[in-house]
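Letter by letter, the chains look like this.
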2 protein chains.
Amino acid sequence: MNVEFINPFLNALVNILKTMANIEVTSGSPCIKTDSKSMGDVTGIIGMAGEKTRGSLAISFSESAIIHITSRMLGEKMTKLDDTVIDMVGEITNMVTGGAKKELVKQGYKFELAIPMMVTGKGHIVTHKTTGPIVVIPFKAEGGEFFVEVCFGKK
Amino acid sequence: MNVEFINPFLNALVNILKTMANIEVTSGSPCIKTDSKSMGDVTGIIGMAGEKTRGSLAISFSESAIIHITSRMLGEKMTKLDDTVIDMVGEITNMVTGGAKKELVKQGYKFELAIPMMVTGKGHIVTHKTTGPIVVIPFKAEGGEFFVEVCFGKK
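Here the structure is a predicted model, which is why all the values come from computation and not from measurement.

Draft legend 1. Up close: the side chain of Thr120 of chain A. If you trace the backbone, Thr120 of chain A turns up in strand E6 (residues 117-120). Apart from the residues lying within four places of it in its own chain, the contact partners of Thr120 of chain A are Asp41, Val42 and Ile86 of chain A together with Gly123, His124 and Ile125 of chain B.

Right under this line is the structure:
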């Protein structure tokens, strides 16, 4: 399996949280997703599309994790999963794929970003429609856990 | 507001349901979405991205509507929101945007499709992260209702 495309997404996420929220995160081992269970309370999703590249990315946060991250990024204490916090999920999703895009173009993956969407709802399940592998990377940070799912490759 | 991009999505959806499921649908008046409330039990979402075009599309089905549509498309009685039905949501989402793409390129909108995703979960809420308009079109068909949301435009 070709996982050369995973690191740019992870590096972008780690850098964003470090520089914009001063949060150090620890990532677990990437694994191949074998079911479609939801792993978070709010998920940012974005499509990536080019003539030879096609992908989808989902970042699922626990409520406590995203409230903490948003509070740190805005310098303002957030207390619930409101519109500001949900918007931040989309913002982070956008920044992560934007950062990864810059690296991936050097590897021959040329693509543009679609409009991000955010999904909320306890127990929601996100399924990527692909026959290719879906890589999941768990993260731990102050405030809670979150997970990145990437499904990406050359057509 | 420029809604020239709406009809190709609607025409594609109506044609797919007519030709592949022999289901006639009635569409209500398109309106601008003003809240982020979910309107269905399962939602197919897909990103569209090009150098000058960026969009997102969501099709939210009630459980009864998608079970009926899937049964008709497969010629097999479906009874619950299982993996086959959820996969069909992604398939329809893919076909609708693929069909719309062929028409939109004639209007100067050139884009590629990302990998579709499907969201399930009672009461889930999908929010498009955009400052532009989100157009919602309600549909009625045998079996129940569904809604198309399109957020699309030139960058």
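Right, picking up where we left off after that structure.
Draft legend 2. Structural view of the confidence of the model for chain A. The share of residues in chain A with pLDDT of 70 or more is 95%, and the mean pLDDT across the chain is 90. This prediction of the complex comes with two scores: 0.92 for pTM and 0.89 for ipTM.

Draft legend 3. Representation of helix H2 (residues 63-74) of chain A in the model. Residue and element names in this part refer to chain A. With 12 residues, H2 extends 16 Å from end C-alpha to end C-alpha; this agrees with the ideal 16 Å at 1.5 Å per step. Of all the positions in H2, only Ala65, Ile66, Ile67, Ile69, Thr70, Ser71 and Met73 are classed as buried. Buried residues in H2 make contact with helix H1 (6-21), strand E3 (42-49), strand E4 (53-61), helix H3 (83-104) and strand E9 (144-154). In the segment just after H2, Gly75 is the residue with positive phi, at about 65°.

Draft legend 4. Main features of the pairing of strand E8 (residues 135-141) of chain A. Residue and element names in this part refer to chain A. When you tally the buried positions in E8, you get five out of seven residues, the bulk of the element. Relative to E8, strand E1 (residues 26-27) runs antiparallel, the two sharing two bridges. Within E8, the residue paired with Ser27 across the bridge is Phe139. Pairing of strand E2 (residues 31-32) with E8, which is carried by two bridges, proceeds in the antiparallel orientation. Opposite Ile32, over in E8, you have Val135 as the bridge partner.

Draft legend 5. The arrangement of the environment of Glu51 of chain B in detail. In this structure, Glu51 of chain B sits in the loop between strand E3 (42-49) and strand E4 (53-61). A relative accessible area of 58% means that Glu51 of chain B is categorised as exposed. Spatially, the C-alpha atom of Glu51 of chain B lies 7.8 Å from that of Lys110 of chain B, the residues being 59 residues apart in sequence. With near-sequence residues (within four places) excluded, Glu51 of chain B lies in contact with Lys110 and Glu112 of chain A together with Lys155 of chain B. Here Lys110 of chain A takes part through its side chain, which lies 3.3 Å from a polar atom of the side chain of Glu51 of chain B.

Basis of the calculations
- Residues numbered from 1 in each chain as written.
- Chains lettered and ligands numbered in written order.
- Predicted model: local features only at pLDDT ≥ 70, side-chain atom pairs only at ≥ 80, totals over all residues.
- Heavy atoms only, no water.
- Helix = DSSP H or I, 4+ residues; strand = E, 2+ residues; numbered from the N terminus.
- Contact = heavy atoms within 4.5 Å.
- pLDDT = per-residue confidence, 0-100.
- Expected span 1.5 Å × (residues − 1).
- Buried < 20%, exposed > 50% of the residue type's maximum accessible area, 1.4 Å probe, protein only.
- Pairing = 2+ DSSP bridges.
- Polar contact = N/O pair within 3.5 Å; in protein donor to acceptor, adjacent residues only side chain to side chain.

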